[in-house]
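A structural walkthrough
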Amino acid sequence: MKIIVRPRITFWRVVAGVIFLSGLYSTYVRFSGGLGASTALSDRFPWGLWVGFDVLCGVALAAGGFTMSAVVYIFHIERFKPIIRPTILTAFLGYLLVIVALLFDLGKPYNIWHPLVMWNPHSVMFEVAWCVMLYTTVLALEFSPLLWERLRWEKPLKVMHALTVPLVILGVILSFLHQSSLGSLFLIVPHRLHPLWYSPLLPVFFFVSALALGCAMTIFESFLSFRAFRKRLELHLLTDLGKVIVGVLALYLTLKLQDLAGRGALRLAFEPTYEGRLFLAEMVLGTIAPMVLLLIPRVRTDDFGLFVSAVMVVLGFIMNRLNVSITGMEASSGVAYFPSWTEISVTMMIVALGFVLFGLAVKYLRVFPPEEVARPAAVELPAPAVLRRLRQGSTAVVATVGGVFLVLVLALGYSGLRLRPTRAWAAPPAAEGDLQRGLEHFTVPPDIVYQRSEASPGTVTFSHASHIDWNRPRCTVCHHQPYSLVTSVSDRSSPRKPPGDMHAEAFCGRCHNGKQAFNVKEDCATCHKGP
Amino acid sequence: MATGKKKGLLFDSTRCIGCGACYLACKERNRLPVTAEDPLADELSAVTYTVVQNRRGRFVRRLCMHCEDPTCASVCPVGALEKTPLGPVVYHPDRCIGCRYCMVACPFGVPRYEWRSRTPRVRKCDLCYDRVAAGLPTACAAVCPTGATRFGDRDELIEEARARIRAEPDRYHPHIYGLEEVGGTSVLLIADVAPENLGYRTDLSAEPLPLLTWNVLKKIPNFVLVGGVLLGGLWWITNRRIAVARAEREALGTNRQTEEGQPSDREEQV
């Protein structure tokens with residue numbers, strides 16, 4: 001008798017199913033109808049959610065990987081070793097998902113390999129393309145030992161072990177280049193990006209904020225792994241990461257304030273504008289709030305407190321990238337952009353794909369140190385844990401401080417969105433021009449003498465001068481096919497052969513129909529004047 | 001006509017009567033559908049590379065400015081946009097990957113995209129590259145009945161613009177737009193009012209925009225070398241320090257092990 005194993009239907013599996021189904025439908029729309037059918041992008045707003053979120057944020061997922069591998073392999077701070085594998089996995093997945101997102105966003109995804117052979121070293125995008133290719137390769141190699149272990153292949157494992165340090169060094173350099181180059185992408189648009197975000201320091205800001213995100217994602221994913229797989233990382237390591245986040249955010253905040261003040265843009269943050277409010281919301285959510293929270297030792301040493309602070313850093317980071325790529329670009333483009341549902345569903349599908357792949361990797365490969373799995377503490381259910389912690393008081397601190405900041409962020413964001421002007425681009429009001437000055441230079445095109453056909457009562461000479469509305473000359477009234485302009489100008493031979501039956505509606509008959517002008521069928525001599 | 005010199009267009013708004021000949025000529029030369037009965041009502045699009053606009057009673061053209069140091073060509077990762085020696089900035093659709101960075105970066109907001117196509121191309125004026133290479137003026141300049149759009153060597157057009165402004169200072173605003181903006185453009189504009197009144201942005205510096213990114217990009221090779229050596233050195237130092245510490249420990253025996261920071265840390269974990 002066969003036993004059919006049915007997968008258990010859980011809430012998250014249903015959610016994932018819905019996300020994948022709608023994402024696949026959007027994929028069909030994208031590749032059958034093009035970017036126009038699947039996105040809210042336009043000539044005025046050519047980059048949207050797929051660049052702003054999928055690419056800019058996806059790449060930053062890798063920040064944890066290179067920081068941790070540098071800490072462990074180059075600085076030999078080996079106690080962080082248990083964190084290495086999950087961060088490398090996150091980095092690798094981040095880059096794979098960026099490539100998936102690029103296949104959606106590029107107009108010609110089948111040409112994605114072109115930067116390999118068609119070089120333009122002056123382009124930041126060229127640098128970005130090479131960083132994506134090279135660092136994906138490095139991450140794949142750094143990740144490969146997990147596979148060789150599983151397959152019990154000793155030889156590649158040994159080779160990889162020998163290659164670890166050079167690969168880590170290469171990875172750190174590539175990451176530094178790549179994280180900062182995503183900021184450099186916007187260096188060339190000082191005329192388009194709002195001064196709250198445009199800065200010559202953009203590459204520095206992108207790099208520093210990516211470091212904070214890397215640490216925050218490590219905390220975030222280890223908490224999720226605990227919930228999903230009952231695997232927990234050492235809390236004191238995560239607390240140390242919390243301390244690092246405080247340092248990085250302090251550096252970020254200082255640089256940001258210095259830069260804004262130096263450029264005289266600081267006051268813009270406090271003006272009641274769409275950009276100002278969203279900028280404040282971003283800074284409060286992603287920088288100030290987690291910094292304050294993590295400075296409180298009771299919060300920092302508590303996994304719930306760490307988790308909340310990490311989520312704030314992640315959300316603030318996402319907001320920053322969306323503000324640079326979307327909010328800050330809207331005013332200069334003259335249009336308001338909001339992603340279409342197809343863009344959103346593809347993005348959700350890519351994020352869900354990340355979660356699924358992470359889960360599969362944890363299930364089948366040794367991502368977490370094996371001794372962590374059997375810990376008795378891991379069996380503990382989260383709900384009582386929260387209750388117990390409430391008694392300890394740390395959750396109350398987190399809820400109060402975090403709650404105050406969250407309310408502030410929501411208020412700022414909401415007021416920002418309400419301040420967003422509805423900018424429907426309209427043509428400026430037309431006024432009658434002063435044609436006189438222009439007409440002084442007007443050269444009336446020469447008369448055209450048409451060859452006389454056999455049945456014709458006389459030669460016709462077309463006069464431009466008598467066919468021009470001198471109050472408002474417009475060449476476009478007549479100069480459609482067959483009276484094409486460019487060929488007429490280059491060929492002024494006279495007399496000219498009539499291009500067809502001139503009485504017909506396509507020719508003189510078009511206007512000479514008795515309504516707009518006298519009818520061609522009336523007096524032949526009016527036009528056929530010549531011999 | 002000296003073919004080796006850089007070509008360009010001089011647009012004189014005071015001579016333009018909004019007749020739309022340039023609009024139609026462009027459509028005809030590029031075999032594009034006519035998308036508006038009145039060219040003054042049309043906008044740049046994937047099938048419209050130039051338009052005439054009425055701005056407060058003055059006529060003004062919009063088209064690719066063909067920058068001397070084009071931002072679009074600088075940002076394109078695969079070199080799909082190219083500044084030709086004669087002046088036109090041309091596009092190679094077979095190279096393009098469709099990243100649309102050119103559209104984001106263009107200071108004049110010119111490039112348009114075939115959003116509905118499955119093999120989309122960037123579309124813009126190419127300054128009639130084939131005609132110019134053959135020694136002919138652009139289609140728009142060839143048909144202009146008032147000489148509002150003039151084709152010629154860029155140097156001569158600049159002289160012409162200066163001469164016109166000098167001869168009739170009351171008629172012209174003294175600024176030649178495109179002479180210095182973003183390092184200069186092949187399309188020059190003069191009018192009786194300042195260019196911002198005609199919808200042209202005047203906040204562009206005389207420095208070519210590509211310098212903004214090149215100043216960062218040119219540091220990369222140096223950075224890779226220095227960074228590699230630095231990181232390698234750091235690894236060697238920390239590695240060596242650990243090896244030395246281990247050797248010292250072995251020499252002293254194991255009784256002092258707990259005083260070392262890292263081994264005690266590791267013990268906590270186990």
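See the structure shown above.
Residues numbered from 1 in each chain as written. Chains lettered and ligands numbered in written order. Predicted model: local features only at pLDDT ≥ 70, side-chain atom pairs only at ≥ 80, totals over all residues. Heavy atoms only, no water.

1. A few points about the overall build of chain A
Within chain A one finds 18 helices and two strands. Summarising its shape, the C-alpha atoms of chain A cover approximately 110 × 65 × 50 Å along the three principal directions. Counting across all 531 residues of chain A, residues that qualify as buried make up 53%. The long-range share in chain A, meaning contacts at least 24 apart out of those at least 6 apart in sequence, stands at 77%. For chain A, the exposed area adds up to about 25,100 Å²; of that, 68% sits on carbon and sulfur atoms. Of the charged side chains in chain A, 47 are positive and 33 negative; the average position of the first set lies 10 Å away from that of the second. (Helix = DSSP H or I, 4+ residues; strand = E, 2+ residues; numbered from the N terminus. Buried < 20%, exposed > 50% of the residue type's maximum accessible area, 1.4 Å probe, protein only. Contact = heavy atoms within 4.5 Å. Areas by Shrake-Rupley, 256 points an atom, 1.4 Å probe, with all protein chains shown as cover. Lys, Arg positive; Asp, Glu negative; His and termini not counted. Charge placed at Lys NZ, Arg CZ, Asp CG, Glu CD.)

2. Considering the nonpolar core
The biggest cluster of nonpolar side chains holds 219 residues, and the ones touching the most others in it are Leu-185, Phe-186 and Leu-193 of chain A together with Tyr-101 and Phe-108 of chain B. Here the element with the most residues in this core is helix α8 (residues 202-229) of chain A; it accounts for 15 residues. The contact partners of Phe-186 of chain A, leaving out residues within four places of it in the chain, are Trp-47, Leu-56, Leu-193, Tyr-198, Leu-202, Val-324 and Ser-325 of chain A together with Tyr-101 of chain B. Grouped together as the second largest cluster of nonpolar side chains are nine residues, Leu-10, Ala-161, Tyr-172 and Leu-188 of chain B included. (Core = buried A, V, L, I, M, F, W, Y, C linked by side-chain atoms within 4.5 Å.)

3. Observations regarding the packing of helix α1 (residues 11-38) of chain A against helix α13 (residues 341-364) of chain A
All names here are of chain A. At their nearest, the axes of α1 and α13 sit 8 Å apart, and the two run at 135° to each other. One finds that α1 runs oblique with respect to α13. Considering the relative orientation of α1 and α13, their crossing is left-handed. Side by side, α1 and α13 meet where Ile-19, Phe-20, Ser-22, Gly-23, Leu-24, Tyr-25, Ser-26, Thr-27, Val-29 and Ser-38 of the first sit next to Trp-341, Thr-342, Glu-343, Ser-345, Val-346, Met-348, Met-349, Ala-352, Leu-353 and Val-356 of the second. By residue class, the composition of the contact of α1 with α13 is 12 nonpolar, seven polar and one charged. (Axes fitted to C-alpha atoms, helices over the stretch in contact; angles between N-to-C directions. Parallel < 35°, antiparallel > 145°, perpendicular 65-115°, else oblique. Left-handed = near helix turned anticlockwise from the far one by under 90°. Nonpolar A, V, L, I, M, F, W, Y, C, P; charged D, E, K, R; others polar.)

4. Things to note about the packing of aromatic side chains
One pass over the structure, following the stated rule, counts 26 aromatic pairs over all chains. Ring geometry for Trp-47 of chain A and Tyr-101 of chain B: centres 5.2 Å apart, planes at 20°, overall stacked. Note that Trp-47 of chain A is positioned in the loop between α1 and α2 (49-60) and Tyr-101 of chain B in helix α3 (residues 101-105), a pairing that runs across two chains. Comparing Trp-47 of chain A with Tyr-101 of chain B, the two get one shared label, buried. Cluster of aromatic residues (ring-pair linked, three or more members): Phe-66, Phe-176 and Phe-207 of chain A together with Phe-223 of chain B. We note Lys-256 of chain A situated over the ring of Phe-205 of chain A; from NZ or CZ to the ring centre the distance is 4.4 Å. Across the ring face of Phe-206 of chain A, the terminal group of Arg-321 of chain A is positioned such that the distance to the ring centre comes to 3.8 Å. (Phe/Tyr/Trp six-rings, centres within 6.5 Å; stacked < 30°, edge-to-face > 60°. Lys NZ or Arg CZ within 6 Å of the ring centre and 35° of its normal.)

5. Quick look at α1 of chain A
Counting along an α-helix, one turn takes 3.6 residues, and residues three or four places apart therefore face a common direction. Compared with an ideal rise of 1.5 Å per residue, which puts 28 residues at 40 Å, α1 of chain A spans 28 Å between its outermost C-alpha atoms and falls more than 12% short. Every buried residue of α1 of chain A is listed here: Ile-19, Gly-23, Ser-26, Thr-27, Val-29, Arg-30, Gly-33, Gly-34, Leu-35, Gly-36 and Ser-38 of chain A. Those residues of α1 of chain A that are buried lie in contact with α2, α4 (81-105) and α13 of chain A together with β6 (112-113) of chain B. (Expected span 1.5 Å × (residues − 1).)

6. Quick word on the pattern of salt bridges
Residue and element names in this part refer to chain B. Under the defined criterion, the tally for this structure stands at 28 salt bridges over all chains. Asp-153 is the salt-bridge partner of Lys-7, the closest N and O atoms lying 2.4 Å from each other. Residue Lys-7 is located in strand β1 (residues 7-12), and its partner Asp-153 is located in strand β8 (residues 149-153); the two are separated by 146 residues in the primary sequence. With a relative accessible area of 6%, Asp-153 lands in the buried category. For the salt bridge of Asp-192 with Arg-58, the shortest nitrogen-to-oxygen distance reads 2.9 Å. Of the two residues, Asp-192 is situated in the loop between β9 (187-190) and α7 (210-217) and Arg-58 in strand β3 (residues 58-62); the sequence distance between them amounts to 134 residues. We classify Arg-58 as partly exposed; its relative accessible area is 25%. (Salt bridge = Lys/Arg side-chain N within 4 Å of Asp/Glu carboxyl O.)

7. Focus: the interface of chain A and chain B
Interface size is often expressed as the accessible area that is lost when the parts come together. The interface of chain A with chain B comprises 88 residues on the first partner and 86 residues on the second. The junction of chain A with chain B conceals about 7,400 Å² of combined surface from both sides, 61% of it contributed by carbon and sulfur atoms. Area buried by chain A at its contact with chain B is led by Asp-43, Ile-188 and His-191 of chain A, which between them contribute 10% of it. The interface formed by chain A and chain B includes six salt bridges. Between Asp-38 of chain B and Arg-474 of chain A there is a salt bridge; the shortest N-O distance is 3.2 Å. Taken together, the links from chain A to chain B amount to 37 residue pairs in polar contact (both at pLDDT 80 or more). Going through the elements one at a time, α1, α3 (63-74), α4, α5 (114-117), α6 (124-151), α7 (154-184), α16 (435-439) and α18 (485-490) of chain A are the ones with two or more residues in the side of chain A that touches chain B. Classifying every residue of the side of chain A that touches chain B gives 48 nonpolar, 25 polar and 15 charged. (Buried area = accessible area lost by both parts, 1.4 Å probe. Polar contact = N/O pair within 3.5 Å; in protein donor to acceptor, adjacent residues only side chain to side chain.)

8. A look at the side chain of Ser-209 of chain A
All names here are of chain A. Within the fold, Ser-209 resides in helix α8. A residue is classified by how much of its surface remains accessible, and Ser-209, at 9% relative accessible area, is buried. Polar side-chain contacts of Ser-209 include one of 3.2 Å to the backbone oxygen of Phe-206. Those residues in contact with Ser-209 that lie beyond four places of it in its chain are Tyr-252, Phe-317 and Arg-321.

9. Notes on unusual backbone geometry
Excluding glycine, a negative phi dihedral is what most residues carry, and trans is how most peptide bonds are arranged. Located in the positive-phi region is Arg-152 of chain A, a residue other than glycine, with phi close to 60°. Of the residues examined, Arg-152 of chain A reaches a relative accessible area of 70% and is grouped as exposed. Of note in the backbone geometry, His-66 of chain B takes a positive phi value of approximately 50° without being a glycine. Mapped onto the fold, His-66 of chain B is located in the loop between β3 and α2 (71-75).

10. So, the sheet that holds β8 of chain B
Residues and elements named next belong to chain B. With mixed pairing, the three strands of this open sheet are ordered in space as β8-β1-β9. Both edges of this open sheet fall to β8 and β9, since each of them pairs with a single strand only. Direction aside, the axes of adjacent strands within the sheet are offset by 25° on average. Sitting on the sheet, helix α6 (residues 154-167) is in contact with β1, β8 and β9, with an inclination near 130° to β8. (Pairing = 2+ DSSP bridges.)

11. Details of a nonpolar patch on the surface
All names here are of chain A. Taken together, Val-356, Leu-357, Leu-360 and Tyr-364 make up a surface patch of nonpolar side chains, about 320 Å² in accessible area. The residue Val-356 is located in helix α13 in this model. By relative accessible area, which is 37% here, Val-356 ends up partly exposed. (Patch = residues over 30% accessible without salt bridge, like charges linked within 9 Å, V, L, I, M, F, W, Y side chains within 5 Å.)

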